[in-house]
Number of protein chains: 2
Amino acid sequence: MKTEILRKYAELIARCGLNVQEGQEVMITADLDQPEFVTMCVEECYRAGAKKVIVDWVHQKVTKLHYENQSLETLSHLEKWQLERWQWQTEQLPCKLFIESDDPDGLAGIDQEKVSNARQKWFPLIKPYRDKMENRYSWCIAAVPGKAWAKKVFPELSEESAVEALWDAILKTSRALEGEPLENWKEHNADLKRRYDYLNALKLRSLHYESANGTNLTVGLIDGCNFLGGGETTMGGQFFNPNIPSEEIFTTPRAGEAEGIVYATKPLSYQGQLIENFWIRFEDGRAVEVGAEKNEALLRKMISMDDGAAKLGECALIPYDSPINNTGILFFNTLFDENASCHLALGHGFSNLLEGFENLTMEECYARGINDSMIHVDFMIGSSDLNITGTTSTGATVPIFRNGAWAF
Amino acid sequence: MKTEILRKYAELIARCGLNVQEGQEVMITADLDQPEFVTMCVEECYRAGAKKVIVDWVHQKVTKLHYENQSLETLSHLEKWQLERWQWQTEQLPCKLFIESDDPDGLAGIDQEKVSNARQKWFPLIKPYRDKMENRYSWCIAAVPGKAWAKKVFPELSEESAVEALWDAILKTSRALEGEPLENWKEHNADLKRRYDYLNALKLRSLHYESANGTNLTVGLIDGCNFLGGGETTMGGQFFNPNIPSEEIFTTPRAGEAEGIVYATKPLSYQGQLIENFWIRFEDGRAVEVGAEKNEALLRKMISMDDGAAKLGECALIPYDSPINNTGILFFNTLFDENASCHLALGHGFSNLLEGFENLTMEECYARGINDSMIHVDFMIGSSDLNITGTTSTGATVPIFRNGAWAF
């Protein structure tokens, strides 16, 4: 990929994704797949005024070795210095950039029970820090092609061509291949805002999903909880774009209000393994039954990670003919596939969608119906015949989606 | 390079370099040049029994951006969590592996005054931890080819061929290309031991260096301070090989006893820049005058880093026809070039060479004449006509080197 295009993509991430402010610190987590591009991101963060940029390089193959060789006790232990580092984050509130490139199936074969159990053990140790930081810092997830990921998406191509094709797909869907990316996103954010302003005016209290694939689900919404899309704003007033790309308009449902069954329409990469052709049945807001053609045990473990893992944290609306879905590419990566398809998420909800969230504690947000969990896992449910109907506070019904597209 | 050869090299590093013991933790610092090989090292450390392996990936190009963009204050600041991490090291004493692959001139063009000043500011913060850990943990420096380094060594080759040629040179000089590396090193360590046992029996009190290039230097040695080579032993009794490769027999001189002038015979990569064609004049044990054709200011800054930086910390003996020098390759990397040539080091000395060091505090070691400094920088002085003559405690002179080779 041409250097000048990558440079603009890096600038987009620093200026629009994180929107780094003068004197801020930045933490970047990245795998080793595209060091040149990550270096560009570091440079663009400094250009935007960062005081200090820290890169936490990770490597999925090394991660796999850790899971294979460390005891559960070692995997779930956090040293004092690691907790101090979380404490430092709550005080400094660095911008956090996550650059994804993992093989969607790169942790296949490892003991997922062990991985999940370790996470269950260490999460309570970091939860106080996570809760303290929530909605207070800017963050962004973006992607670069890893070799294994590219081969998974384009198995018919050589490794080199697959990487190039995935660069192309990433940049195109991220509106960073043509024109001025920063301008593209200004326009895009404005488009999304028009859409969610309309939805917010409806004062919806529930959504009903229906499709010929069997999906038949009703989800309760929270009074005074908004839809949002594109850019968001931290409590301190920093506007940022948490996902590049992003096509979704989303809200966070009321934890404990979901009834019916939903069929996934794309595979899900979770903890480095693919869960395929699955469905989830909800009763009283909880996932009570699941089925999957591949990795059903992993799905079952996922929804039992903690009390909130079986409850919904997100309802996101994306037309079936979205630019990402129209590429015809199955990315096997949630950042892209979630933006190609209506989706739901199990797990943690978005407290910043509550009106007046700036003045609420996390406990108050949870009490208002925001779900609390260590996980937040999107899964895709969009199809060309998906109908979604909203019900307002007065009991009126409003068509939201018809045949996979916006009904308004 | 063939996978099975690299696998044996990784095993050599884990078993002979670090000699990882069951249940130990391991820290690896590596650049991004050879992630497959670093991953192999992680695996071999686990196979050797490591409880946990931490990889600190670094990237020289990102390091350069830090130096260019951070203020001196930011560069020299250590967060509380970073000091906690040092504290954790003093408690856990993890094995520490450093895998080198840097471009020897990769930080050219940056403000070396700023880099040095930052180091002067943060070093006092970590010195208490360093002193507490000294001689208590196993460590190893080994190398893998980086692209820029390989092109520097083999400018006439394509990048790919240069990397392959440097792999070949690294593995050959590390005794890891042929036979069984672990066996090769057992034999090699025994050879080196025979050599330093002989030297230790001489009870030398000084060394005089002389060469037609102008070198004429006398260095004082410490009573009860040994020569060593190859493997070493931690206070806890863990035998390890701190350098792969290693050809040197070395001792630590008495800080403050050096008189005369010495001419470097190879370039020196220091803080990512090459210092070339230089000389150093000593008076009363201190470097009082220096000259260099390239980067003289950097050399001058180097010897003024702290009080010990102008004093000697090491005298190492390697015949001019050593296997590494016989490759005819100038590596522009101290790990290799120091093993191709007699060298001295400015800065920190080796307290573990003192007889009975296990029962001495660092302060007591310094009082016995071991130099204390934040730096330890080897520079090469070997030549085909170098003569080294020892003087014993009885005043007798003993030829140690004649015409660049062992005289015994």
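Residues numbered from 1 in each chain as written. Chains lettered and ligands numbered in written order. Predicted model: local features only at pLDDT ≥ 70, side-chain atom pairs only at ≥ 80, totals over all residues. Heavy atoms only, no water.

Residues and elements named next belong to chain B. Within the secondary structure, Asn 333 sits in the loop between helix 11 (323–326) and helix 12 (334–337). In the structure, Asn 333 is positioned 59 residues away from Leu 274 in sequence and 9.8 Å away in space, judged by C-alpha atoms. In contact with Asn 333, not counting residues within four places along its chain, are Glu 100 and Trp 149. There is a polar contact of 2.8 Å between the side chain of Asn 333 and the backbone nitrogen of Leu 335. (Helix = DSSP H or I, 4+ residues; strand = E, 2+ residues; numbered from the N terminus. Contact = heavy atoms within 4.5 Å. Polar contact = N/O pair within 3.5 Å; in protein donor to acceptor, adjacent residues only side chain to side chain.)

Turning to the sheet that holds strand 15 (residues 343–347) of chain A, a few remarks are in order. Residues and elements named next belong to chain A. Read from one edge to the other, the open sheet built from four strands follows the order 9-14-15-16, with strand pairing classed as antiparallel. In the strand order of this sheet, the two ends are held by strand 9 (249–251) and strand 16 (376–380), each with one partner. Across this sheet, the average inter-strand angle for adjacent strands is 20 degrees, counted without regard to direction. The sheet contact formed by strand 9 and strand 14 (residues 312–317) spans three bridges and is antiparallel. By the bridge assignment, Thr 251 is partnered in strand 14 with Cys 315. (Pairing = 2+ DSSP bridges. Axes fitted to C-alpha atoms, helices over the stretch in contact; angles between N-to-C directions.)

Mapped onto the elements of the fold, Thr39(B) is located in helix 2 (residues 35–47). Ignoring any residue separated from it by four or fewer positions in sequence, one finds Thr39(B) in contact with His59(A), Lys61(A), Val62(A) and Leu65(A).

The subject of this paragraph is empty space enclosed by the protein. Empty pockets left among the atoms are what a rolling probe the size of a water molecule brings to light. Residues and elements named next belong to chain B. For the structure on display, the rule yields three cavities of 30 Å³ or more. Empty space within the second largest cavity amounts to approximately 110 Å³. Taken together, 15 residues make up the lining of the second largest cavity; nearest its centre are Asn 200, Lys 203, Leu 204, Arg 205 and Cys 225. Where the lining of the second largest cavity is concerned, the elements lending two or more residues are helix 9 (181–202) and strand 5 (204–210). (1 Å grid on protein atoms, 1.4 Å probe; cavity = no way out; pocket = protein on both sides within 12 Å on 5 of 7 lines; lining within 4 Å. Points joined across faces, edges and corners; volume = space filled by probe spheres on them.)

Moving on, we get to the interface of chain B and chain A. Listed by partner, the interface residues are 28 residues for chain B and 28 residues for chain A. Taken together, the links from chain B to chain A amount to two salt bridges. Note that Glu84(A) is salt-bridged to Lys80(B), the shortest N-O span being 3.2 Å. For the pair chain B and chain A, the number of links is nine residue pairs in polar contact (both at pLDDT 80 or more). Across the side of chain B that touches chain A, the residue classes tally to 12 nonpolar, seven polar and nine charged. (Salt bridge = Lys/Arg side-chain N within 4 Å of Asp/Glu carboxyl O. Nonpolar A, V, L, I, M, F, W, Y, C, P; charged D, E, K, R; others polar.)

Now for the packing of aromatic side chains. Taken as a whole and assessed by the stated rule, the structure comprises 25 aromatic pairs over all chains. Ring geometry for Trp81(A) against Trp88(B): centres 6.4 Å apart, planes inclined by 55 degrees, an arrangement best described as tilted. With Trp81(A) in helix 5 (residues 80–92) and Trp88(B) in helix 5 (residues 80–92), this residue pair bridges two chains. Joined through ring pairs, the aromatic side chains of Trp81(A), Trp88(A), Trp81(B) and Trp88(B) make up one cluster. (Phe/Tyr/Trp six-rings, centres within 6.5 Å; stacked < 30°, edge-to-face > 60°.)

Okay, the packing of helix 2 (residues 35–47) of chain A against helix 3 (residues 60–69) of chain B next. Running from amino to carboxyl end, helix 2 of chain A crosses helix 3 of chain B at an angle of 10 degrees, the nearest separation of the two axes being 9 Å. Relative to helix 3 of chain B, the element helix 2 of chain A is oriented roughly parallel. Listed contacts from helix 3 of chain B to Thr39(A), Val42(A), Glu43(A) and Tyr46(A) of helix 2 of chain A are Lys61(B), Val62(B), Leu65(B), His66(B) and Asn69(B). Taken together, the residues that form the contact of helix 2 of chain A with helix 3 of chain B break down as four nonpolar, three polar and two charged. (Parallel < 35°, antiparallel > 145°, perpendicular 65-115°, else oblique.)

Residue and element names in this part refer to chain A. The buried count for strand 1 (residues 25–30) comes to five of six residues, which makes it a mostly enclosed element. As judged from the six bridges shared by strand 1 and strand 2 (residues 52–57), these two strands associate in the parallel manner. By the bridge assignment for strand 2, Met 27 is matched with Ile 54. Regarding topology, helix 2 serves as the crossover connection from strand 1 to the parallel strand 2, and that connection is right-handed. Both strand 1 and strand 3 (residues 95–100) contribute to a ladder of five bridges, which runs parallel. Within strand 3, the position partnered with Val 26 by the bridge is Cys 95. (Buried < 20%, exposed > 50% of the residue type's maximum accessible area, 1.4 Å probe, protein only. Right-handed = clockwise from strand over helix to strand, strands pointing away.)

A word on a positive patch on the surface. A cluster of basic residues, Lys61(A), Lys147(A), Lys61(B) and Lys147(B), forms a positive patch at the surface. Mapped onto the elements, Lys147(A) comes out in helix 7 (residues 147–153). (Patch = residues over 30% accessible without salt bridge, like charges linked within 9 Å, V, L, I, M, F, W, Y side chains within 5 Å. Areas by Shrake-Rupley, 256 points an atom, 1.4 Å probe, with all protein chains shown as cover. Lys, Arg positive; Asp, Glu negative; His and termini not counted. Charge placed at Lys NZ, Arg CZ, Asp CG, Glu CD.)

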